[in-house]
Amino acid sequence: YVLIAALHRSCPLTVPKLPKEGLGKAVQTEIKGYVSLYAALSQLTPQTWYPSNEHAWSYLARFLNALPANEQTAIALDSFLQIAGHKLFLSFKRQQQKVFAYVRQEFVAELSRQQQKGGEGAEDIDAVKSRIEKYVDKRLFSQPPEGSYIPETDDSQHIRC
């Protein structure tokens, strides 16, 4: 619980909520890093202290229902889906496909509206919006994330001096 609490304190998007004072100019790499770590923790085998996949599902639903679509939330969503999307898809197949459809139809559409308004960060929205669209449209969630498979042995065990 201490690690999760530290994540929540450092990055409110892992709760998910926006602080009253806003995120300010939170560094994009910090958001991406914190949310990626949070997503990775949700992929662990369920433990008594952390329910894992069920928590990831709940987090994603709360995220999409509670937060506005903007550059920072899009970065957080993209980071979370890249890490946790595959396992969520394997666990909740049909329901998760509906969530991906919602992301594509509603969240991305709202990002486009934000971009057209030309507000703060509008020029940076295009890149993250494209990544989310590609992830959903090409069904990249049906493949495990890159680097998620770690072999039990490596080539160094077979090399003799």
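Look up: the structure comes first, before these words.
In this text, all values refer to a predicted model and were calculated from it rather than measured experimentally.

Visitor: Tell me about the overall build of the chain, residues and numbers included.
Guide: Along the backbone of the chain there are five helices and zero strands. Contacts in the chain between residues at least 24 apart in sequence constitute 70% of all its contacts with a sequence separation of at least 6. Counting every atom, the chain has about 9,800 Å² of accessible surface; 53% of that belongs to carbon and sulfur.

Visitor: Can you tell me about the pattern of salt bridges, naming the residues and giving the values?
Guide: Enumeration according to the criterion identifies four salt bridges in this entry. Across the salt bridge formed by Arg 131 and Asp 78, the nearest N and O atoms sit 2.9 Å from each other. With Arg 131 in helix H5 (residues 122-137) and Asp 78 in helix H4 (residues 71-117), this residue pair connects regions lying 53 residues apart in the sequence. Classification of Arg 131 by relative accessible area gives partly exposed; the value is 37%. The class for Asp 78 is buried, based on a relative accessible area of 2%. Between Glu 133 and Arg 104 there is a salt bridge, with its nearest N and O atoms 3.4 Å apart. Here Glu 133 is found in helix H5, whereas its partner Arg 104 is found in helix H4, with 29 residues between them in sequence. When salt bridges that share partners are traced, they join Arg 104, Glu 133 and Asp 137 into one network.

Visitor: So what about the side chain of Gln 43? Which residues, and what values?
Guide: Here Gln 43 lies in the loop between helix H2 (28-41) and helix H3 (53-66). Using a relative accessible area of 16% as the deciding quantity, one classes Gln 43 as buried. Discounting chain neighbours no more than four positions away, the residues touching Gln 43 are Ser 52, Asn 53, Ile 83, Ala 84 and Lys 87.

Visitor: Could you give an account of the environment of Ala 69, with specific residues and numbers?
Guide: Structurally, Ala 69 is set in the loop between H3 and H4. Owing to a relative accessible area of 7%, Ala 69 belongs among the buried residues under this scheme. A sequence separation of 38 residues divides Ala 69 from Phe 107, and the C-alpha atoms of the two residues are 6.0 Å apart. In this structure Ala 69 touches Phe 107, Glu 110, Leu 111 and Gln 114, once residues within four positions along its chain are discounted.

Visitor: Which residues make up the nonpolar core, and what values do they have?
Guide: Counting 37 residues, the largest nonpolar core has Leu 77, Phe 80 and Phe 107 as the members making the most contacts within it. Taken together, the elements giving at least two residues each to this core come down to helix H1 (2-10), H2, H3, H4 and H5. Other than its neighbours up to four places away in sequence, Phe 107 contacts Phe 63, Leu 64, Pro 68, Ala 69, Thr 73, Ala 74, Leu 77, Tyr 102 and Ile 132.

Visitor: Can you lay out the packing of aromatic side chains for me, pointing to particular residues and giving the numbers?
Guide: Going through the model one piece at a time under the given rule, you end up with eight aromatic pairs. Through a chain of ring-to-ring contacts, three or more aromatic side chains come together here, namely Tyr 38, Tyr 59, Phe 63 and Phe 80.

Visitor: So what about the side chain of Thr 73? Which residues, and what values?
Guide: Positionally, Thr 73 belongs in helix H4. A distance of 2.7 Å separates the side chain of Thr 73 from the backbone oxygen of Pro 68, its partner in a polar contact. Setting aside residues no more than four positions away along its own chain, Thr 73 makes contact with Leu 13, Phe 63, Leu 67, Pro 68 and Phe 107.

Visitor: A description of the packing of H1 against H2 should follow, citing residues and the corresponding values.
Guide: Where H1 meets H2, the closest approach of the two axes is 10 Å, and the angle between their N-to-C directions is 150°. On the basis of their axis angle, the class for H1 and H2 is roughly antiparallel. Relative to H2, the crossing made by H1 is left-handed. Mapping the contact onto sequence places Leu 3, Ile 4, Leu 7, His 8 and Ser 10 in H1 and Tyr 34, Leu 37, Tyr 38 and Leu 41 in H2. Taken together, the residues that form the contact of H1 with H2 break down as seven nonpolar, two polar and no charged.

Cut-off values and rules
Residues numbered from 1 in each chain as written. Predicted model: local features only at pLDDT ≥ 70, side-chain atom pairs only at ≥ 80, totals over all residues. Heavy atoms only, no water. Helix = DSSP H or I, 4+ residues; strand = E, 2+ residues; numbered from the N terminus. Contact = heavy atoms within 4.5 Å. Areas by Shrake-Rupley, 256 points an atom, 1.4 Å probe, with all protein chains shown as cover. Salt bridge = Lys/Arg side-chain N within 4 Å of Asp/Glu carboxyl O. Buried < 20%, exposed > 50% of the residue type's maximum accessible area, 1.4 Å probe, protein only. Core = buried A, V, L, I, M, F, W, Y, C linked by side-chain atoms within 4.5 Å. Phe/Tyr/Trp six-rings, centres within 6.5 Å; stacked < 30°, edge-to-face > 60°. Polar contact = N/O pair within 3.5 Å; in protein donor to acceptor, adjacent residues only side chain to side chain. Axes fitted to C-alpha atoms, helices over the stretch in contact; angles between N-to-C directions. Parallel < 35°, antiparallel > 145°, perpendicular 65-115°, else oblique. Left-handed = near helix turned anticlockwise from the far one by under 90°. Nonpolar A, V, L, I, M, F, W, Y, C, P; charged D, E, K, R; others polar.

Don't take any of this as a statement about function, it's just geometry.
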